[in-house]
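Close look at the chain arrangement
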Amino acid sequence: MDLGLRNKVAVVTGGTRGIGKACARVFAEEGARVAICARNVERLESVRKEFERLGAEVLAFQADVSMPAQVWEFTAAVKARFGRVDFLVNNAGESPVGPAEEIPIKRIREHFQVNFFGPLRLVQAFLPGMRKRRAGTIIFIGSIRGEAPTPFSSIYSASKAASDLLVRAWVRSYGITATLSNCANNYGPYQHVEKLIPRQVTNILTGQRPKLYGEGRNVREWTHVDDHNAAVHLILD
């Protein structure tokens, strides 16, 4: 496919696995210049080499989006290397599960640093340049739990709702266009879309019994990470 991304600059957080890697890989395949960040150095190096074999120019930067100083270092490195950003995909995130009253406040703050404040800092770093050029796209990888929480997901749901409302407020504040994409969910009460389906298939191939989550009642559409990724790039197109 040709999404018209050649020589565009794309930043993807959490870009070494799952939805983040799949999204960044399409940018690389389409000829974009790609900047990814993640915490694991070994995975960063592996993905950098993988994307460079596709012919892409890649900046692979170790950064934890929950740490403000590391976010600023990453954004400074992106600006120094590429000069501008055309696409920002805020993908990095985590989803703690459990009764809210049992999760320490310190842990909740850390979670919001990853899911809300980290992405907000990246927007603060790159949005001024986009507005100056009157061009650019920012994507938040959200969750249906930001609107329809599931049991024991109150902290995660609150963080995703905060990001969702942040974007909605920008629409009203600046008159910009926003596209809300509601991808189908996968199977089970604890979703890991990039891992679950391949794991179920490999269990079957190796003669192991597929896992049954909960009582088997929470069955929804099966969606692979590539389907979520395709939705992101459909929005870009």
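Our subject in this report is the structure included herewith. Note that the structure is predicted; figures quoted are calculated from it, not measured.

Next up on the list: helix H4 (residues 105-133). With 29 residues, H4 extends 40 Å from end C-alpha to end C-alpha; this agrees with the ideal 42 Å at 1.5 Å per step. Along H4, the helix axis deviates most sharply at Gln-113, where the bend reaches about 45°. At the C-terminal side of H4, Arg-134 shows a positive phi close to 60°.

On strand S4 (residues 87-90), burial covers both faces: Phe-87 and Val-89 on one face and Leu-88 and Asn-90 on the other are all buried. Two elements, S4 and strand S5 (residues 137-140), share four bridges in a ladder whose sense is parallel. Bridged to Asn-90 within S5 is Phe-140. With H4 bridging S4 and the parallel S5, this β-α-β connection has right-handed handedness.

Looking at the element boundaries, Asp-64 is found in the loop between strand S3 (58-62) and helix H3 (68-82). This buried residue, Asp-64, is left without a salt bridge; Arg-39 holds the nearest opposite charge, at 4.2 Å. Among the polar contacts made by the side chain of Asp-64, one reaches the side chain of Ser-66 at a distance of 2.8 Å. Those residues in contact with Asp-64 that sit more than four places away from it in its chain are Arg-39, Gln-70 and Val-71.

Glancing now at the pattern of salt bridges. Pairing between side chains becomes possible if they bear opposite charge and their charged atoms approach one another. Inspection of the entire model under this criterion finds twelve salt bridges. The shortest N-O distance in the salt bridge between Arg-107 and Glu-110 comes to 3.9 Å. On the criterion of helical spacing, the pair formed by Arg-107 and Glu-110 is a turn pair, its members being three residues apart in helix H4. Judged by its relative accessible area of 29%, Arg-107 is partly exposed. Between Arg-168 and Asp-164 there is a salt bridge whose closest N-O contact spans 2.9 Å. Taken together, the residues span about one helical turn, with Arg-168 and Asp-164 both in helix H5 (residues 154-174) at a distance of four residues. For Arg-168, a relative accessible area of 34% translates into the label partly exposed. The class of Asp-164 is buried, set by a relative accessible area of 18%. Each member of the salt-bridge network shares a partner with another, and the members are Lys-21, Arg-25, Glu-29 and Glu-50.

The rules behind each value
Residues numbered from 1 in each chain as written. Predicted model: local features only at pLDDT ≥ 70, side-chain atom pairs only at ≥ 80, totals over all residues. Heavy atoms only, no water. Helix = DSSP H or I, 4+ residues; strand = E, 2+ residues; numbered from the N terminus. Expected span 1.5 Å × (residues − 1). Bend = angle between axes of the 7 residues up to and from the residue. Buried < 20%, exposed > 50% of the residue type's maximum accessible area, 1.4 Å probe, protein only. Pairing = 2+ DSSP bridges. Right-handed = clockwise from strand over helix to strand, strands pointing away. Lys, Arg positive; Asp, Glu negative; His and termini not counted. Salt bridge = Lys/Arg side-chain N within 4 Å of Asp/Glu carboxyl O. Polar contact = N/O pair within 3.5 Å; in protein donor to acceptor, adjacent residues only side chain to side chain. Contact = heavy atoms within 4.5 Å.

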